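Listed here are the chains, written in short residue letters.
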Amino acid sequence: MLDAVAVEQLSVSGRVSPKRPGTAAEVLDSSDAGGRILRGGVLRAGSYAVMIALSVLSTALLTRHLGVTRFGQYTTVLSLVAVVSAIADAGMATIGTREYAVRDGAERDALMADLLGLRVVLACAGVLLVAGFALAVGYDTGLLAGAMLASLGTIALVVQHTHTIPLAAALRLGTLSALELARQVFSVAAIVVLVALGAGVLPLLAVVLAANLVLIAPTAALARKQISLRIGLRPRHWLALLRLTVAFSLASTVGTLYVFTAQILTSLVASSHQSGLFAASFRIFIVCATVPNLLVGGALPLLARAARDDRLRLAYALQRIFEVSLILGVAAALASLAGAQFMLHVVAGAQYAASTTVLQIQGVALIATFVLAGWSFALLSLKRYRGVLLANLAAFLVSCTATIVLAGSHGATGAALATILGEGVLAAGLLAALLHSDPELRPTLGIVLKVALATAPATAVALLSGVPSLARMLLALAVYGLLILLTRAVPAEVLELLSSRARRR
């Protein structure tokens, strides 16, 4: 059992108990750790592709079922719930993964129990904040009740998510992907049934609570032998955790706030119609923006141990993450530029045609979104929380100011421009903080020229007139992918992994 001083000393020293065969520490120190992360990243990407397809189905039903105005309100409530999740998480799930990776035995069990207790209490506080906001804005009864039920889902989420920490630390990324996919399958199935029954916004929002409750039992069963299932209700130990995580917790919370605040502020300063148009593009943007965190997040345990023991290994891993993230971020931007009309037609229908330009603008922001993920996790691994906080705070202030000004005058298009500003400031701030921490972690920029050479002709294809949106998107991505291969921009490790998997098959 750890007191406050012990928690802080362990955090600073990185001291761990002797490793046992098969523990997370042994996995992370093995030469196979990088391969596990790459394979896990592929699994998570594949799982997420299925989740995107399911999300498209549910969003297509919701946009047509609720209409522009009501869908905007529905998305605003989900943005509020995301803010509650940020408060409940406060970065502590990520901190928990890092600490689990470097600790062992009874000390780790006590820390996980305290972590779970603190997160549940913070989730309850978030529910109260949602209730206060909904009452202040004047939500009708159905929307208010739906907001409360959806926010209660965050309590179930933190219980379930805390029990995924040992799975993440052991690099069981395939299992994590299966759990995430199960949540999505249940949610979409419930939405399909409710829409078929003509349900209103209240039961649709209640799906969030139901989906998170369903996953608690199977996740707890998977983690039963690796983590304590009890909740630690010890405020003195919570204070120790908060002191350990306060800077990163603030940074993580502010980072989530600024992304979802764009939708909330747009609903307040623009018309309900413009808010609904932005909501359609925003839903697609959020789906795409989650990808880099899924891919890079799997590498956190490895980055944490490399930051503690081997800076050369850390620099090597960060360079490869930067290269892959840049390639994928530009691909996402090209897909949005060429395929925005097609995506919105499928997801939302003809009544959201005016959102095409909005999505094309937000697509540009995805380049920064993909690239900054690696730098953010690197700073976390190095425990440079102050840099993460300052970068997220700057992005939050810029995004909020720009959204109020631009969305107020230009509606959904202005809100999309604010997204670019926010993501750009965040990426620049995180890179500056990383270089200030350790100049040797500066990324090598040779990859940028190769990506630029592939992007220019692909962009020309994406902007072709008279060609259907889907065809332009596929052609642009084909040209881009071919040129990326010809310029040898893809890291050799990735090509080797893909070729070895192909040979095994």
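Source: prediction; values computed, not measured. (Residues numbered from 1 in each chain as written. Predicted model: local features only at pLDDT ≥ 70, side-chain atom pairs only at ≥ 80, totals over all residues. Heavy atoms only, no water.)

What to know about the nonpolar core
Move 1: By size, the foremost hydrophobic cluster in this structure holds 62 residues, and its most contacted members are L62, Y74 and L204.
Move 2: Element by element, the count of residues in this core is highest for helix α3 (residues 33–89), at 11 residues.
Move 3: Filtering out sequence-adjacent residues up to four positions away, Y74 remains in contact with L62, L66, I191, V201, L204, L205 and R283. (Core = buried A, V, L, I, M, F, W, Y, C linked by side-chain atoms within 4.5 Å. Buried < 20%, exposed > 50% of the residue type's maximum accessible area, 1.4 Å probe, protein only. Helix = DSSP H or I, 4+ residues; strand = E, 2+ residues; numbered from the N terminus. Contact = heavy atoms within 4.5 Å.)

Examining the confidence of the model for the chain
Move 1: Across the chain, the average pLDDT comes to 81, with 80% of residues at 70 or higher.
Move 2: Within the chain, helix α17 (residues 469–486) carries the highest mean pLDDT (95), whereas helix α1 (residues 4–13) carries the lowest (28).
Move 3: Under a pLDDT of 50 for its full length, residues 1–31 has, in the predicted model, 62 contacts with residues more than four places off or in other chains. (pLDDT = per-residue confidence, 0-100.)

Details of the pattern of salt bridges
Move 1: Applying the stated criterion across every chain, the model contains two salt bridges.
Move 2: Of the charged contacts, one joins D140 and R70 as a salt bridge, the two residues approaching to 3.2 Å between their closest N and O atoms. Of the two residues, D140 sits in the loop between α5 (105–137) and α6 (141–162) while R70 sits in helix α3, which places them 70 residues apart along the sequence.
Move 3: Overall, D140 belongs to the partly exposed group, its relative accessible area being 37%.
Move 4: Judged by its relative accessible area of 25%, R70 falls in the partly exposed class.
Move 5: With its nearest N and O atoms 3.5 Å apart, the salt bridge here joins R320 to E323. (Salt bridge = Lys/Arg side-chain N within 4 Å of Asp/Glu carboxyl O.)

What about the packing of helix α13 (residues 311–347) against helix α16 (residues 446–462)?
In a pair of packed helices, the angle between the axes and the distance between the axes together describe the arrangement.
Move 1: Here α13 crosses α16 at 10°, and the two axes come no closer than 11 Å. Taken together, the axes of α13 and α16 are roughly parallel relative to one another. Along its contact with α13, which presents F322, E323, L326, I327, V330, L334, L337 and A338, the element α16 presents I447, V448, V451, T455, A458, T459 and A462.
Move 2: For the contact of α13 with α16, the per-class residue count stands at 12 nonpolar, two polar and one charged. (Axes fitted to C-alpha atoms, helices over the stretch in contact; angles between N-to-C directions. Parallel < 35°, antiparallel > 145°, perpendicular 65-115°, else oblique. Nonpolar A, V, L, I, M, F, W, Y, C, P; charged D, E, K, R; others polar.)

With respect to α6
Move 1: Over its 22 residues, α6 extends 33 Å from the first C-alpha to the last, a length consistent with the 32 Å expected when each residue adds 1.5 Å.
Move 2: One side-chain oxygen at the N-terminal end of α6 lies 3.2 Å from the backbone nitrogen of G142; it belongs to D140. (Expected span 1.5 Å × (residues − 1). Polar contact = N/O pair within 3.5 Å; in protein donor to acceptor, adjacent residues only side chain to side chain.)

Describing the environment of L128
Move 1: With respect to the helices and strands, L128 occurs in helix α5.
Move 2: Since its relative accessible area comes to 63%, L128 is described here as exposed.
Move 3: In sequence terms L128 and L152 are 24 residues apart; their C-alpha atoms lie 9.7 Å from each other.

Details of the side chain of Q263
Move 1: Note that Q263 resides in helix α10 (residues 235–269).
Move 2: According to the relative accessible area criterion, Q263 is buried, its value standing at 0%.
Move 3: Only 3.3 Å separates the side chain of Q263 from the side chain of S275, close enough to count as a polar contact.
Move 4: With residues up to four places along the chain from it excluded, the contact list for Q263 reads G72, T75, T76, S79, S275, F278, A279 and F282.

Thoughts on unusual backbone geometry
Move 1: Its identity is not glycine, yet R488 carries a phi of approximately 55°, on the positive side.
Move 2: Looking at the element boundaries, R488 is found in the loop between α17 and α18 (492–504).

Some remarks on the packing of aromatic side chains
Move 1: In total, this model carries six aromatic pairs according to the counting rule given.
Move 2: Seen in terms of ring centroids, F71 and Y352 are 6.3 Å apart; in terms of plane orientation they differ by 85°. Their pairing is edge-to-face. Here the residue F71 occupies a position in helix α3, and Y352 occupies one in the loop between α13 and α14 (356–381), the gap between them amounting to 281 residues.
Move 3: Given a relative accessible area of 0%, F71 falls into the buried group.
Move 4: When its relative accessible area of 0% is taken as the criterion, Y352 is described as buried. (Phe/Tyr/Trp six-rings, centres within 6.5 Å; stacked < 30°, edge-to-face > 60°.)

Examining the environment of A433
Move 1: Residue position: A433 is located in helix α15 (residues 385–437).
Move 2: Judged by its relative accessible area of 13%, A433 is buried.
Move 3: In the structure, A433 is positioned 45 residues away from V388 in sequence and 7.2 Å away in space, judged by C-alpha atoms.
Move 4: Among residues more than four places away in sequence, those in contact with A433 are L379 and G387.

Quick look at the environment of G429
Move 1: Locating G429 in the fold gives a position in helix α15.
Move 2: Each C-alpha atom, one on G429 and one on L389, is 9.6 Å from the other, the two residues being 40 residues apart in sequence.

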